[in-house]
Amino acid sequence: MSAIGKSVQRVDARDKVTGKARFSGDLNRPDQAYMKILFAGRPHAVVRSIDTAEAEALEGVIAVFTAKDVPVNEYGLQVFDQPVFCGPGSDKPYADRVRFVGDQVAAVVAESKKIARAALDLIEVEYEDLPLLYDPFQALEEDAVLLHPDRGTNILEELRIRKGEVEKAFQEADVIVESTYHTPAQEHAFMEPEAGLAYIDEGGRVAVAAGSQWAHEEREQVAHALDLEEDQVRIMHPHTGGAFGGREDISVQIALGLAAMRLHERGIDRPVKVVWSREESIRGHHKRHPYHIKARWGANREGEITAVEVDITADGGAYMSTSNKVLGNATLMCAGPYRIPNVKVDARAVCTNRVPAGAFRGFGGPQGAFSAECQINKLAEALDMDPVEIRMKNALREGDLMSVQTPMPGGVSIPQVISRCAEESGWKKKDGVWWKEEEPEDPQKPHLKRGKGFACGFKNVGFSLGYKDNAWATIELHGGKEIEEVIVRQAGADTGQGAHTAITQMTAEAVGVPVEKVRLITADTEETLDSGSNSASRMTFMSGNSIRGAAEAALEKWKDEDRPAVGTYQYFAPPTTDYDPQTGESKPNFAYGYVAQMAEVEVDTETGEITVLNFVSTNDVGKAINPEQVEGQIEGGVTQALGWVLTENFIQEDGYVKTDMFSTYLIPTVRDVPQKMKPVIMEYPDPNGPWGARGMAEMPFIPTAPAVVAAVQDALGIWFDDFPLTPERVVKGLWERS
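Sequence order as written defines residue numbering, which begins from 1 separately in each chain. With pLDDT at 70 or above as the cut-off, local features in this predicted model cover only qualifying residues; side-chain atom pairs require 80 or more to be listed or tallied, and sums for whole chains, interfaces and linings still use all residues. The side-chain values count all of the structure's non-hydrogen atoms but skip hydrogen atoms and water molecules.

Draft legend 1. Spotlight on unusual backbone geometry. Here the residue pair R563 and P564 is connected by a cis peptide bond, since its omega of -15 degrees sits within 30 degrees of zero. Here a helix means four or more residues in a row that DSSP labels H or I, a strand means two or more in a row labelled E, and each is numbered from the N terminus. Residue placement: P564 occurs in the loop between α14 (539-559) and β22 (565-572). For the peptide bond that leads from F723 to P724, omega is 20 degrees, which places it in the cis range. Along the polypeptide, P724 turns up in the loop between α16 (704-716) and α17 (727-737). One non-glycine residue, D227, adopts positive backbone phi at about 55 degrees.

Draft legend 2. Main features of empty space enclosed by the protein. Put simply, the grid is 1 Å and covers the protein atoms alone, a cavity is a trapped set of points that fit a 1.4 Å probe, a pocket is an open set with protein on both sides within 12 Å along at least five of seven lines, and lining residues have an atom within 4 Å of a point. Grid points are joined across faces, edges and corners, and a volume is the space filled by probe spheres set on the points. Across all of its chains, the model carries seven cavities of 30 Å³ or more by this definition. When its volume is computed, the largest cavity comes out at roughly 210 Å³. Lining the largest cavity are 21 residues, with Y75, Q82, D249, I250 and G284 sitting closest to its centre. Throughout this entry, Asp, Glu, Lys and Arg are counted as charged residues, while Ala, Val, Leu, Ile, Met, Phe, Trp, Tyr, Cys and Pro are counted as nonpolar. The remaining residues, Gly among them, count as polar. When grouped by side-chain class, the residues that make up the lining of the largest cavity number seven nonpolar, 11 polar and three charged.

Draft legend 3. Just the sheet that holds strand β24 (residues 610-620), in detail. Taken together, the four strands give an open sheet; going across it, the order is β18-β23-β24-β27, and neighbouring strands pair in mixed fashion. What marks the edges here is a single partner per strand, and that holds for β18 (448-460) and β27 (676-682). Across the sheet, the axes of successive neighbouring strands diverge by a mean angle of 10 degrees, strand direction being ignored. Where strand β23 (residues 592-604) meets β24, 10 bridges bridge the pair, whose relative direction is antiparallel. Across the sheet, the residue bridging to V595 is N619, located in β24. A pair of strands is treated as paired once DSSP finds two or more bridges between them. Every angle, taken between N-to-C directions, lies between 0 and 180 degrees, and every axis is a line fitted to C-alpha atoms, over only the stretch in contact when it is a helix.

Draft legend 4. View of a negative patch on the surface. For patch detection, residues must exceed 30% relative accessible area and be free of salt bridges, and they are connected within 9 Å for like charges or within 5 Å for nonpolar side chains (Val, Leu, Ile, Met, Phe, Trp, Tyr). Under the convention used here, a 1.4 Å probe and the Shrake-Rupley method define accessible areas, while residue burial counts only the protein chains that appear. The working definition used for a salt bridge is a side-chain nitrogen of Lys or Arg within 4 Å of a carboxyl oxygen of Asp or Glu. Positive charges are assigned to Lys and Arg, negative charges to Asp and Glu, while His and the chain termini are left out of the count. To locate a charge, take NZ of a lysine, CZ of an arginine, CG of an aspartate or CD of a glutamate. On the surface, a cluster of negative charge is made up of E552, E556, D560, E561 and D562. Tracing the backbone through its elements, the reader meets E556 in helix α14. Buried residues are those whose accessible area, probed at 1.4 Å on protein chains only, stays under 20% of the maximum for their type, while exposed residues exceed 50% and partly exposed ones sit between those limits. Owing to a relative accessible area of 45%, E556 belongs among the partly exposed residues under this scheme.

Shown next, in the form of structure tokens:
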């Protein structure tokens, strides 16, 4: 009986329901000490001095660590541009300055959390404030202060695409639409704030247990900062209470490892634990990038898109994080999943004194898709054409060239996804043309206006633009005549989406045993080989292929009566290439997932409140390993995206975070979920995916914002080019129209 395509019970369900599961904040070891972090609390300044004497003299304080205690005072996911602690005493140039309010200045280790908190107030820090960069356009001015003087520029990354003859195409276009869009920052709002526990293990290694997304990458950064060999550092992942990209960057791991190491050097072998408050979490970890996008699209009378010109400026915040890679996605996706002969894109990510921006579900795709889908909807309006019809005329098909002048990888299904969403949403097709029936308003409630909006998109699967994406797996087969137990070692993190259940199912399928016989060992660098990050919608695709290879090797040994039969395999994804610096020509990704959505809303014109009545999301996942989990991902992704477009207003003023609590930063509740939501799973196998599976975790987020904005426009006749669509913004739009 196949283990694939079945909604088996999650492997962690019972432990999570009963409370047996241990998250980072639940971890405790005998005689442990407690850490608190001193955050800068100001956006841009030089730390002239730090006096820790009073804090160290407080009864119960074990140690206070600052920049002078960090062997190599730097870290970063793409480049090592962020100090572990900001202040004097470090060899790293310009590490004596803070660049956003969440920069860390010192760490106190004490006998209790209460004592550690009290000690923070006794640390005296002398700051010299520096000029602020409030936004990326200010940072681009010739006389702008340099946030990283050693870089010589505030630009983190620049990209461009040149395809065809754009200006000539605009001159010949029958209709042109131009708009400027702004997409806001977004807080990840995962349930579990940053937390962890560090100690020296029985092998003398610095061991750090903290929920995150890529154990081996974290080990590399911890080892670098502590000036240790990687085999002297051990990283473990307990259960992780959500991530959405927000745990890709280091948070507590280096500070914890530093404390355990330095205490050990002093003859103090005590575990050290830290748990951030919600306010510390919101101020201290990166956010979704705010994007400013100028777009000009042209089409002929038949509705064929002939030219696209886009200019993108992304606010990267204080450090690189993944701004360069996020920009790569947005640069590709700002032209949408459409066949366009002439494309010009100029894109840049820029440093500011705001909270760093980094990975967040969709990874540049939602920002690019917002401008693309709003533009094609506006073209449809200008041409008096149905929004589904214009998409079907222009949707990429097998063999079509993208904006980067290379064909899509095999398995293009965006036309099928669009048509299925239209059918599920009440669109009709007559004489080969798509059209939407208009629904009558309720005469008893004239202040309530209803509308439907349509949008679609695509999302890369896996790491892209030249990265050699790979994953390891090891499978052990135990038993006599029959396989009695299968042990799979696969380091892929599970941040709540059910990755470990899917890994278990794929292992059972690859070996040919029931799921109950599979035991998973994961996310411990001493037990597992590198499987890459639980991000980029890659985990099912990459882990599944590595598992298939390991299972094949183990079964071959089993046939030879080698007991236990052990197979290890490293899977390499098909190669990709980076953007050509002049034209953008590239093979950016090896696989994509495709999605289309319809939002139906009701807008109260008296209050500005928007209610989502109905939502349809069709998603080509290649093959649903666990359909129930896939449906959960669709529903969760849509709801999270509705928060971005409707309620979540992350406010920074003069570099200070004003919405650092859930009483001021409003994430969706059960009352904000659509009254009706239909997740539709479609299965067009990816030619390289395990059992045909594509990654899908990010897809449902991609087109939600433009679908909602289009629905509001259908209801009110007003286009909103920025959001969130708070009641105040909607009412203001109504007043400006009147």
